[in-house]
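Residue-level structure breakdown
Given next are the chains, with one letter for each unit.
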Amino acid sequence: MASILERLLRKAAERGLLDEEKEEKEDDGARAQGQEAEAPRTPLLGSFDLQGVARHIQATNTRLGRPARVVAAVGAGVSVSAGIPDFRTPGTGLYDNLEKYDLPEPTAVFDIRYFRGNPAPFYMLAKELRPDNYAPTPAHLFLRLLHEKGHLQRVFTQNIDSLERKAGVPAERVVAAHGNFDGAACIECGAACDDRAMARGIADEAPVRCQRCDGLCKPNIVFFGEDLPQRFFRLSRTDFRECDLLIVMGTSLSVQPFASIVGAPDDCTPRLLVNREKVGERARRDPRHEALLRAMGYSGAASQDPGFDFDPETNYRDALFLGDCDAGCARLAEMLGWGDDLRALVREHGCRNDLSGAPARAEEEQATNADSGAKPTAGEADPGVEAAVAELAGLSVGDATAGGGTQHQEAEDAPPGAVIAD
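Keep in mind that what you see is a predicted model, and the values were worked out from it rather than measured.

What follows covers the nonpolar core. General note: in soluble globular proteins, nonpolar side chains tend to be found buried as a group. Of all hydrophobic cores here, the largest spans 43 residues; its most connected members are Leu 143, Leu 146, Val 155, Met 249, Leu 272, Leu 332 and Leu 342. Here this core gets seven residues from one element, more than from any other, and that element is helix α12 (residues 325-335). Apart from the residues within four sequence positions on either side, Met 249 is in contact with Ala 73, Val 74, Gly 75, Val 78, Leu 143, Val 274, Asn 275, Cys 325 and Cys 329. Formed by 33 residues, the second largest nonpolar core is a distinct cluster that contains Ala 82, Val 109, Phe 122 and Cys 217.

Another aspect to go through is the packing of aromatic side chains. Under the definition given, this model contains 13 aromatic pairs. Considering the side-chain rings of Phe 115 and Phe 122, the 5.8 Å spacing of their centres and the 85 degrees angle between planes classify their relative orientation as edge-to-face. The buried category is assigned to Phe 115, whose relative accessible area is 1%. Phe 122 gets classed as buried once you look at its relative accessible area, which sits at 2%.

Our next topic: the confidence of the model for the protein chain. In this model, the protein chain carries a mean pLDDT of 78, and residues with pLDDT of at least 70 account for 67%. Counting contacts from residues 370-406, a segment whose pLDDT is below 50, to residues more than four positions away or on other chains yields 81 contacts. Confidence drops under pLDDT 50 across residues 409-422; counting only partners more than four residues distant or on other chains, this segment forms 70 contacts.

Right, let's talk about the pattern of salt bridges for a bit. For the structure on display, the rule yields 14 salt bridges. The partner of Arg 41 in a salt bridge is Asp 267, with the nearest N and O atoms 3.1 Å apart. Placement of Arg 41 in the loop between α2 (20-37) and α3 (50-64) and of Asp 267 in the loop between β7 (255-256) and β8 (271-275) is noted, with a sequence separation of 226 residues between them. Arg 41 gets classed as partly exposed once you look at its relative accessible area, which sits at 43%.

This part is about the packing of α12 against helix α13 (residues 339-349). Running from N to C, α12 and α13 point in directions that differ by 135 degrees, and their axes come no closer than 7 Å. Overall, the two elements α12 and α13 adopt an arrangement that is oblique. Between α12, through Cys 329, Ala 330, Ala 333 and Glu 334, and α13, the contact on the second element is made entirely by Gly 339, Leu 342 and Arg 343. In terms of residue class, the contact of α12 with α13 is built from four nonpolar, one polar and two charged.

For strand β6 (residues 245-249), the buried fraction is high: five of the five residues fall into the buried class. Both faces of β6 are covered, namely the face carrying Leu 245, Ile 247 and Met 249 and the face carrying Leu 246 and Val 248. Pairing between strand β1 (residues 70-74) and β6: five bridges, direction parallel. From the neighbouring strand, Ala 73 faces β6, where its bridge partner is Val 248. Where β6 meets β8, four bridges bridge the pair, whose relative direction is parallel. Residue pairing across strands places Ile 247 opposite Leu 272, the latter belonging to β8.

One open sheet holds the six strands; their spatial order is β3-β2-β1-β6-β8-β9, and the pairing between them is parallel. The sheet is open, and its two edges are formed by β3 (174-176) and β9 (318-322), each paired on a single side. Within the sheet, the average angular offset between the axes of one strand and its neighbour, ignoring direction, is 15 degrees. Pairing between β8 and β9: five bridges, direction parallel. Bridge pairing in β9 places Asn 275 opposite Leu 322. Here helix α6 (residues 138-148) sits on the sheet in contact with β1, β2 (152-157) and β6, set at roughly 155 degrees to β2. Sheet contacts for helix α9 (residues 230-242): β1, β2, β3 and β6; angle to β2, the most-contacted strand, approximately 135 degrees.

What follows is about α9. Taking 1.5 Å of rise per residue, 13 residues should cover 18 Å, and α9 covers 19 Å from first to last C-alpha, within 8% of that figure. Taking the largest bend as the criterion, α9 deviates by roughly 35 degrees, centred on Ser 236. All buried positions along α9 are accounted for by Phe 232, Phe 233, Leu 235, Ser 236, Asp 239 and Phe 240. Packing partners of the buried residues in α9 comprise β1, β2, β3 and β6.

With five of five residues buried, β8 lies mostly within the body of the structure. On β8, burial covers both faces: Arg 271, Leu 273 and Asn 275 on one face and Leu 272 and Val 274 on the other are all buried.

This part is about the packing of α6 against α12. Any two packed helices are characterised by how steeply their axes cross, that is the angle between the axes, and by the distance between the axes. Their axes nearest at 8 Å, the elements α6 and α12 cross at an angle of 35 degrees. Every pair of crossing elements has a handedness; the one defined by α6 and α12 is left-handed. Contacts between α6 and α12 pair Pro 138, Ala 139 and Phe 142 from the former with Cys 325, Asp 326, Cys 329, Leu 332 and Ala 333 from the latter. Residue composition of the contact of α6 with α12, by class: seven nonpolar, no polar and one charged.

So, about the environment of Pro 265. For Pro 265, the position within the fold is in the loop between β7 and β8. For Pro 265, a relative accessible area of 0% corresponds to the buried category. Residues Pro 265 and Glu 242 lie 23 residues apart in sequence; the distance between their C-alpha atoms is 7.8 Å.

Here the focus is the environment of Asp 326. With respect to the helices, strands and loops of the structure, Asp 326 is situated in helix α12. Between the alpha carbons of Asp 326 and Gly 250 there is a distance of 9.8 Å; along the sequence they are 76 residues apart. In this view, Asp 326 contacts Ser 81, Thr 137, Pro 138, Ala 139, Asn 353 and Leu 355; residues no more than four positions away in its chain are not counted. Among the polar contacts made by the side chain of Asp 326, one reaches the main-chain amide nitrogen of Ala 139 at a distance of 3.1 Å.

Definitions and cut-offs
- Residues numbered from 1 in each chain as written.
- Predicted model: local features only at pLDDT ≥ 70, side-chain atom pairs only at ≥ 80, totals over all residues.
- Heavy atoms only, no water.
- Core = buried A, V, L, I, M, F, W, Y, C linked by side-chain atoms within 4.5 Å.
- Buried < 20%, exposed > 50% of the residue type's maximum accessible area, 1.4 Å probe, protein only.
- Helix = DSSP H or I, 4+ residues; strand = E, 2+ residues; numbered from the N terminus.
- Contact = heavy atoms within 4.5 Å.
- Phe/Tyr/Trp six-rings, centres within 6.5 Å; stacked < 30°, edge-to-face > 60°.
- pLDDT = per-residue confidence, 0-100.
- Salt bridge = Lys/Arg side-chain N within 4 Å of Asp/Glu carboxyl O.
- Axes fitted to C-alpha atoms, helices over the stretch in contact; angles between N-to-C directions.
- Parallel < 35°, antiparallel > 145°, perpendicular 65-115°, else oblique.
- Nonpolar A, V, L, I, M, F, W, Y, C, P; charged D, E, K, R; others polar.
- Pairing = 2+ DSSP bridges.
- Expected span 1.5 Å × (residues − 1).
- Bend = angle between axes of the 7 residues up to and from the residue.
- Left-handed = near helix turned anticlockwise from the far one by under 90°.
- Polar contact = N/O pair within 3.5 Å; in protein donor to acceptor, adjacent residues only side chain to side chain.

Here it is in C-alpha cells:
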C-alpha cells in the first residue's frame, strides 16, 4: 500500500506541480552539496529556550520598530486542559473510547463515505465535542494576548473545537485547517445549513437534512476524503514567509499536509516547539517532505530544512519547551511582562486550569529541558527577563494547493484519524 507521502506526491505530479524525476535529481544534488558544504551558522537566539524566545520578541520590537510577527501552529495539546480528550493517547484518547458507537473502525466516524450511509455516530460524538461544552485554556488565551499586543499574524489550528475564537481571537486571525463547528453545509450540494438547525440537530442527535436537496448536512469539519480549506493553502503561502517567529504547540506533527508547515518559514526565522515530546525533528523526517513542500508552493531554503533541529552542535534557531502547553505559555507570558494580563483572562473565562500549579510544573519541566539537548548558547543575561523568571515563582490564580485542494491525509506511522487534532 502506497505511503501517504507517495500518494500526495503522485497527486501533485498529476497536477503538474512537480517533475518527480527532476526533483529527485535536484534533491540528491542538494543533499550532496549540503553534506559537503554545511557549516555552523550564527545563532538567531541567545538561548534555545523560552527565555531566548522572549528576548527575540523584545529585540525584534526594538530593531524593527513594530511588534514581532508571530505565526502559531497548534494541535490537540492546547485543548486537553479544557477537558477535551485528544485522539491517540492510549486508554483515554477518543479513538480508544468509541466502542459505544458500534463502528467498523474508530476512524469511520470521520469518514465521509461512512457518514453518507450512517450519520448517527458522528452526531452522537458531535454532541459531546461541541464548543459550548468547554471553556478555552490558558494556551488559547495566550494566543489572544499575542493578538491584543499586535504580534499574532495567524494561528493555524488542527482542532475543530473553535476554542481560539471562544478565547477572543478574531476569525480573520484563525485558520482552521481541519474545519470546525463555526458553520455547516450540505455534503451534496454545498448549500449552507442554518446554524440554529445544526445546533438543534447535534443537541438532539438527529441528522440534519438540506432544505434544498435533502442531502445530509454536517458542520464544516474536514472528513477523510474531503479537501482541506483553500484558505489554509492561500494564507500558509504568505504568512510563514512574513513571520518573525513560528510557535508550534501541542501537536504530534503526524498529519499531512499540516505537518510540513514547520518547514515553511525561511531559514532565518526562529521557531519554538512547546510540546510534551520532541516532534518534527529534521533527522526523523522523510526527505520527500522537501518535494511535498515544493508542491505546496514553498521553495529554496525552507524546503531544504523542513524539520526542527535540536542538536546542540548544529541548532541555530530552534527553541524547545518540553511540557504542557499551559505551563509553557504561562512562563513565556511572564517573561514578556504579560503575566497579569493572562491571569486576568484565566479568571474571566473560568479556565479549568487556573494556573495555580504552573510554577511547580514549569520548574520541573525546565529541569527536563536542561537535559533534553535544548541547551542555551553563551550570551549575556537580560535583567528584565531574569526578573520575569523570578516573578514566576509567585504565579498563582486562586479563584490544497492553489487551484485544487489537497485532501486531509495522515502520516503512515500514525493510526488513521486525528481530524479534530493530532
